[in-house]
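Listed below, chain by chain, are the residues.
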Amino acid sequence: MGKLGLYIHIPFCKKKCLYCDFPSYSCMEKYMLDYVKALCLEIENKCKGKRFNTIFIGGGTPSYLSMEAWEILKETLHKVNKHEDCEFTVECNPGSFDKDKLEVIKTAGANRISIGLQACQNELLASLGRIHNFSEFLKGFEMARNIGFKNINVDLMFAIPGQSFEQWKETLEKVSNLNPEHISCYSLIVEEGTPFYKMKEEGKLALPEEDVEVKMYNFTVEFLRDNGYKQYEISNFSKEHKECKHNLIYWSMDEYIGCGASAHSYFNNIRNKNESNVKRYIEKILSYEDTSVEKHENSTKDNMEEFMFLGLRKTNGIRISDFKSKFNVNIYDIYGAVVNKYEKLGLIKIESDKVFLTEKAVHISNTIMSDFILE
Ligand code: SF4
């Protein structure tokens, strides 16, 4: 029986970071309370009769919600039916929470927080447009521990413009010394429509060379492994048994319900995206209109492709027996040629029931994944 996750989107940020293309907005605080009230209606409606293995409140900056908004959301979150071992994560950004805010997040049921740090050098944080400095992060981390959060993720970013290899190493050292249970390390991607994109077009962004980026990534994997963090996905590392269960739902193609503006769901074989305009979202909820703006029923072919793309992100890859039980066909009948091709090139490994990417395949994983698209 598959697992079920609940994703809740909070689209507010104090200030927009220069690289960010997530559905999050600054200067929209006036909608905060109405948004949360509408969101609660959607949660109560969509979660009725379901029991969740994971809850993830992401954004945006959930910790930027006012205390009043959190108190309202808390009431609804208490009504959501959760498994006893439900992993319940809330994303928090330094500079947007204090002790009282963390207390209300904890009493709302959260047992895991994910703190966005990115880098430990204040000049890099400022160049990214982050609202906090490193010491605010340290204070927030300590506060979370003191309040009793025993499961903390820290989000980091490498290949930041102007970032040296030494600075990245220093960030990894300082963060791993704090002993969080989980560390995510994503390389900066310059996305269209962001201020960074414009700066890149104008030649004003000093991005690290590709070989430096590869060196940073390889160092990350080795350094974190030596410091007790197991890599379980291309960009994610955890202490034993502290993998993010919610993200594993996505990568294993289990089902999830998304609530809030821009939230995605995958349920009953249907991929669905919610209205992303915050004002329209509130209006639609209040007038009982359908909030979804994109609906797609996955074909078997879609499901097979996604099972491979998403599954191969995990270091454990996919299970041959899972493919068979999900699709009632042997994986080699569908993907025999492509699996054999990459196995011969040393980019895919097959170990009894497992098919997974080798370490050297990670840097070209996108090219490999595209070969799993079916005609
Ligand atoms: S805090 Fe996160 S969601 Fe908000 S603007 Fe920055 S990167 Fe985007």
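Residues numbered from 1 in each chain as written. Predicted model: local features only at pLDDT ≥ 70, side-chain atom pairs only at ≥ 80, totals over all residues. Heavy atoms only, no water.

## Description of the packing of helix α2 (residues 67-79) against helix α3 (residues 99-107)
Packed helices, taken two at a time, are described by the angle their axes make and the gap between the axes.
Thinking step 1. α3 packs onto α2 with a crossing angle of 15° between their chain directions and a minimal axis gap of 9 Å. The pairing of α2 with α3 is recorded here as roughly parallel in orientation. As for how α2 packs across α3, the hand of that crossing is left-handed. Counting all contacts with α2, which are made through M67, W70, E71, K74 and H78, the residues of α3 involved are D100, K101, V104, I105 and T107.
Thinking step 2. Residues belonging to the contact of α2 with α3 are distributed by class as follows: four nonpolar, two polar and four charged. (Axes fitted to C-alpha atoms, helices over the stretch in contact; angles between N-to-C directions. Helix = DSSP H or I, 4+ residues; strand = E, 2+ residues; numbered from the N terminus. Parallel < 35°, antiparallel > 145°, perpendicular 65-115°, else oblique. Left-handed = near helix turned anticlockwise from the far one by under 90°. Contact = heavy atoms within 4.5 Å. Nonpolar A, V, L, I, M, F, W, Y, C, P; charged D, E, K, R; others polar.)

## Here's the deal with the layout of surface pockets
Thinking step 1. The volume enclosed by the second largest pocket comes to roughly 500 Å³.
Thinking step 2. With three residues, the top contributor of residues to the lining of the second largest pocket is helix α12 (residues 320-327).
Thinking step 3. Taken together, the residues that form the lining of the second largest pocket break down as six nonpolar, seven polar and nine charged.
Thinking step 4. Each of domain 1 (4-251) and domain 2 (316-370) accounts for three or more of the residues forming the lining of the second largest pocket. (1 Å grid on protein atoms, 1.4 Å probe; cavity = no way out; pocket = protein on both sides within 12 Å on 5 of 7 lines; lining within 4 Å. Points joined across faces, edges and corners; volume = space filled by probe spheres on them. Domains from an automatic or database assignment.)

## Some thoughts on the site of the ligand
Thinking step 1. For the ligand, the full set of nearby residues is C13, K15, K16, C17, Y19, C20, F22, S24, G60, T61, N93 and R130.
Thinking step 2. By residue class, the composition of the shell around the ligand is five nonpolar, four polar and three charged. (Near = heavy atom within 4 Å.)

## Things to note about the domain arrangement of the protein
Thinking step 1. Segmentation of the protein into domains returns domain 1 (4-251) and domain 2 (316-370).
Thinking step 2. With centres defined by C-alpha atoms, the gap from domain 1 to domain 2 works out at 30 Å.
Thinking step 3. Counting residues at the interface gives five residues for domain 1, matched by four residues for domain 2.
Thinking step 4. For the domain 1 and domain 2 pair, buried surface summed over both sides reaches about 430 Å², with 61% attributable to carbon and sulfur atoms.
Thinking step 5. Across the contact surface, domain 1 and domain 2 share one salt bridge.
Thinking step 6. Between E359 and R225 there is a salt bridge; the shortest N-O distance is 3.1 Å.
Thinking step 7. Summed over the shared surface of domain 1 and domain 2, the number is two residue pairs in polar contact (both at pLDDT 80 or more).
Thinking step 8. The class makeup of the residues in the side of domain 1 that touches domain 2 is three nonpolar, one polar and one charged. (Buried area = accessible area lost by both parts, 1.4 Å probe. Salt bridge = Lys/Arg side-chain N within 4 Å of Asp/Glu carboxyl O. Polar contact = N/O pair within 3.5 Å; in protein donor to acceptor, adjacent residues only side chain to side chain.)

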